[in-house]
Amino acid sequence: MQVTCPGYNKSETLNNFPLLVVLNTGISGFAYGQFASANGYDLRFSASDGTTELNYEIEWWDNSGNSYVWVQVPQLTGSSSIWAYWGNPAASSTPPAYTGNGGAWDSTFKGVWHLNLGCVDSTANTNNGTSYNNTSVAGRIGGAQSFNGSTAYISLPNNSSSLRTNIFTVEAWINLNAQHEWQYAFSAGDAGLDRSIIDFGEVEYPAGTKRFGGCIWPNAGIEGPADAGTYAGQWHQ
């Protein structure tokens with residue numbers, strides 16, 4: 001089955017990009033019954049040449065619904081295409097090693113937490129988190145975690161690969177059930193200063209103005225529109 005990427009309309013070529021492929025029975029010619037493994041172990045992807053095997057990771061597999069698979073595409077443009085294969089009984093007993101060792105995420109990714117797998121880091125850095133009082137719920141892509149706003153959180157390890165660089169990007173899917181100032185999806189701090197250095201989520205800056213974005217202290221930097229009143233109950237990235 002050919003997989004195309006018409007939704008990407010930028011001029012930049014993305015290298016080793018993790019492309020999200022969503023499989024379901026609404027796709028013409030696709031059926032879960034065609035797989036030799038009920039867990040999708042025989043799934044394979046190749047580059048447009050049909051021979052170069054591509055790394056991938058199954059985030060969520062559902063034989064009666066949507067399955068979410070991240071495929072590492074060497075070079076992604078709007079005209080890119082890859083191929084998906086399945087149905088080989090000889091490949092049905094175990095999944096390829098790269099599906100579980102971080103092979104779908106190159107070294108520029110310091111951590112990837114899908115949250116349907118608890119706090120497991122999907123990259124080779126194994127920056128697995130520790131969960132405190134959060135619960136599993138349905139998410140935007142597969143499963144997710146719900147936090148009560150006070151005692152529920154995920155603590156990440158304090159080591160060299162956990163976002164200790166000068167320049168980095170934080171991305172998350174967030175669904176707030178109510179608006180309050182200073183709700184973070186991600187926060188990194190300095191124990192010596194006893195405060196956070198980087199906050200990402202819903203912030204209140206300047207005072208009285210809610211925004212969906214982030215803060216970097218001591219020089220505050222905000223991105224995102226003011227007035228977060230319309231954000232509750234919706235998924236935002």
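Caption draft 1: Region of the structure containing the overall build of the chain. A count of helical and extended segments in the chain gives zero helices and 15 strands. The buried share among the 237 residues of the chain stands at 34%. A fraction of 53% describes how many contacts in the chain between residues 6 or more apart in sequence connect residues 24 or more apart. For the chain, the accessible area works out to roughly 13,400 Å², and carbon and sulfur atoms hold 49% of it.

Caption draft 2: Examining the pattern of salt bridges more closely. Summed over the entire model, instances satisfying the criterion amount to one salt bridge. Of the charged contacts in the structure, one is a salt bridge between Glu53 and Arg44, with a shortest N-O distance of 3.6 Å.

Caption draft 3: Spatial organisation of the side chain of Gln145. Among the secondary structure elements, Gln145 is positioned in strand β9 (residues 143-146). Judged by relative accessible area, Gln145 falls into the buried class, the value being 12%. A distance of 2.9 Å separates the side chain of Gln145 from the backbone oxygen of Leu115, its partner in a polar contact. Within the local environment of Gln145, its side chain forms a polar contact with the side chain of Asn134, the two groups lying 2.6 Å apart. Apart from residues no more than four positions distant in its own chain, Gln145 is found in contact with Leu115, Gly118, Asn134, Thr135, Ser136 and Val137.

Caption draft 4: Representation of the pairing of strand β5 (residues 67-76) within the structure. Judged by how many residues are buried, β5 sits mostly within the fold: eight of ten residues are covered. In this structure, strand β4 (residues 56-60) lies alongside β5, joined through four bridges in antiparallel fashion. By the bridge assignment for β5, Glu57 is matched with Trp70. Linking two consecutive strands that pair antiparallel, namely β4 and β5, is a turn of six residues.

Caption draft 5: Representation of the sheet that holds β5. Read from one edge to the other, the open sheet built from three strands follows the order β2-β5-β4, with strand pairing classed as antiparallel. The open sheet has two edge strands, β2 (14-23) and β4, and neither has a second partner. Across this sheet, the average inter-strand angle for adjacent strands is 25°, counted without regard to direction.

Caption draft 6: Geometry of the environment of Ala84. On the secondary structure map, Ala84 appears in strand β6 (residues 81-85). On a C-alpha basis, the gap between Ala84 and Ser46 in space is 6.6 Å, while along the polypeptide they are 38 residues apart. Once you skip the residues sitting within four places of it in the chain, Ala84 turns out to touch Met1, Val3, Arg44 and Phe45.

Caption draft 7: Focus on the packing of aromatic side chains. Counted by the stated rule, this structure contains eleven aromatic pairs. Judged by centre distance (5.2 Å) and plane angle (80°), the ring pair of Phe35 and Trp61 falls under edge-to-face. Taken together, the residues span a long stretch of sequence, with Phe35 in the loop between β2 and β3 (44-46) and Trp61 in the loop between β4 and β5 at a distance of 26 residues. The pair formed by Phe35 and Trp61 is uniform in burial state, with each residue classed as buried. Geometrically, the ring pair formed by Tyr56 and Tyr98 is edge-to-face, given 5.6 Å between the ring centres and 75° between the ring planes. Taken together, the residues Tyr56 in strand β4 and Tyr98 in the loop between β6 and β7 (130-132) connect sequence positions 42 residues apart. An identical accessibility class is assigned to Tyr56 and Tyr98; each is buried. Each member of the aromatic cluster is reached from another via a ring pair, and the members are Phe30, Tyr32, Phe35, Trp61 and Trp86.

Caption draft 8: How the structure looks around the sheet that holds strand β1 (residues 2-4). Taken in spatial order, the three strands of this open sheet run β1-β6-β3, and their pairing is antiparallel. Two strands in the sheet have a free side with no partner beyond their single neighbour: β1 and β3. Averaged over all pairs of adjacent strands, the angle between their axes in this sheet comes to 30°, without regard to strand direction. Pairing of β1 with β6 involves three bridges; the strand directions are antiparallel. The partner of Val3 across the bridge, within β6, is Ile82.

Criteria and thresholds
Residues numbered from 1 in each chain as written. Predicted model: local features only at pLDDT ≥ 70, side-chain atom pairs only at ≥ 80, totals over all residues. Heavy atoms only, no water. Helix = DSSP H or I, 4+ residues; strand = E, 2+ residues; numbered from the N terminus. Buried < 20%, exposed > 50% of the residue type's maximum accessible area, 1.4 Å probe, protein only. Contact = heavy atoms within 4.5 Å. Areas by Shrake-Rupley, 256 points an atom, 1.4 Å probe, with all protein chains shown as cover. Salt bridge = Lys/Arg side-chain N within 4 Å of Asp/Glu carboxyl O. Polar contact = N/O pair within 3.5 Å; in protein donor to acceptor, adjacent residues only side chain to side chain. Pairing = 2+ DSSP bridges. Axes fitted to C-alpha atoms, helices over the stretch in contact; angles between N-to-C directions. Phe/Tyr/Trp six-rings, centres within 6.5 Å; stacked < 30°, edge-to-face > 60°.

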